[in-house]
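Secondary and tertiary structure notes
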Amino acid sequence: MAAGCDIALREAPVSEHDVRMIILSTDDLDESIRFYSETLGMSLKFRDGAHFAALDGGSVTIALATAVDHPMPGQVVIGVKTADVDAAAKAVEASGGGIVKGPYDDAHERRAVVYDNKGNGLVFYSPLAR
């Protein structure tokens, strides 16, 4: 412990959840891609038509989504990769949050759209086995 410091640092438990994405709402995907690319220098990683794009935000992907693909349109939502989507959704619900959709399988991954005990959006996901 450092001199004059009254707080002992404890080793934090290793989380089974990995924040990988921040999902932002847009009503104009092209305009939003242009903003993040030209203003902030983020390169486009992936685009799905006129409703979803992923940009390279370094350690976190910045996703831009229209109401067609946004899990909770109008809100900032955090994408959390986890090995057990179902257990994560149940834990959120048991702790005062709620399930918006899922758990369910889409074309690429298992997902659950949830909100925490204060209404903040989260998407738990895990890639499907190929």
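Notes on the structure follow.

Calculation notes
Residues numbered from 1 in each chain as written. Predicted model: local features only at pLDDT ≥ 70, side-chain atom pairs only at ≥ 80, totals over all residues. Heavy atoms only, no water. Helix = DSSP H or I, 4+ residues; strand = E, 2+ residues; numbered from the N terminus. Buried < 20%, exposed > 50% of the residue type's maximum accessible area, 1.4 Å probe, protein only. Contact = heavy atoms within 4.5 Å. Areas by Shrake-Rupley, 256 points an atom, 1.4 Å probe, with all protein chains shown as cover. Phe/Tyr/Trp six-rings, centres within 6.5 Å; stacked < 30°, edge-to-face > 60°. Lys NZ or Arg CZ within 6 Å of the ring centre and 35° of its normal. Salt bridge = Lys/Arg side-chain N within 4 Å of Asp/Glu carboxyl O. Pairing = 2+ DSSP bridges. Axes fitted to C-alpha atoms, helices over the stretch in contact; angles between N-to-C directions.

Another point: the overall build of the protein. Regarding its fold elements, the protein presents 2 helices and 8 strands. Overall, the protein shows an N-to-C arrangement of helices and strands of β-α-β-β-β-β-α-β-β-β. With 130 residues in all, the protein has 32% of them scored as buried. Restricting the contact set of the protein to residue pairs at least 6 apart, pairs at least 24 apart contribute 46%. Here the protein has roughly 8300 Å² of accessible surface; of this, 53% comes from carbon and sulfur atoms.

The way to describe two aromatic rings as a pair is by their centre distance and the angle between their planes. For the structure on display, the rule yields 2 aromatic pairs. Relative to Tyr36, the ring of Phe35 has its centre 5.1 Å away and its plane inclined at 80°; by these criteria the two rings are edge-to-face. Of the residues examined, Phe35 reaches a relative accessible area of 44% and is grouped as partly exposed. In this structure, Lys101 packs its charged tip against the face of Tyr104, placed 4.5 Å from the ring centre.

Taken as a whole and assessed by the stated rule, the structure comprises 6 salt bridges. With its nearest N and O atoms 2.7 Å apart, the salt bridge here joins Arg47 to Asp30. Remark: Asp30 occurs in helix H1 (residues 29-40) and Arg47 occurs in strand E2 (residues 44-48); sequence separation between them is 17 residues. For Arg47, a relative accessible area of 35% corresponds to the partly exposed category.

Read from one edge to the other, the open sheet built from 8 strands follows the order E2-E3-E4-E1-E5-E8-E7-E6, with strand pairing classed as mixed. Each edge of the sheet is formed by a strand with only one pairing partner; in this case those strands are E2 and strand E6 (98-105). On average, each strand axis in the sheet is tilted by 20° relative to the strand beside it, whichever way the strands run. Of the pairings in the sheet, the one linking strand E5 (residues 77-82) to strand E8 (residues 121-127) comprises 5 bridges and is parallel in character. Bridged to Val80 within E8 is Phe124. Against the sheet, H1 touches strand E1 (17-25), E2, strand E3 (52-57) and strand E4 (60-65), its axis set at about 5° to E3. Taken strand by strand, helix H2 (residues 85-94) contacts E1, E5, E6, strand E7 (109-115) and E8, and its axis lies near 5° from that of E7.

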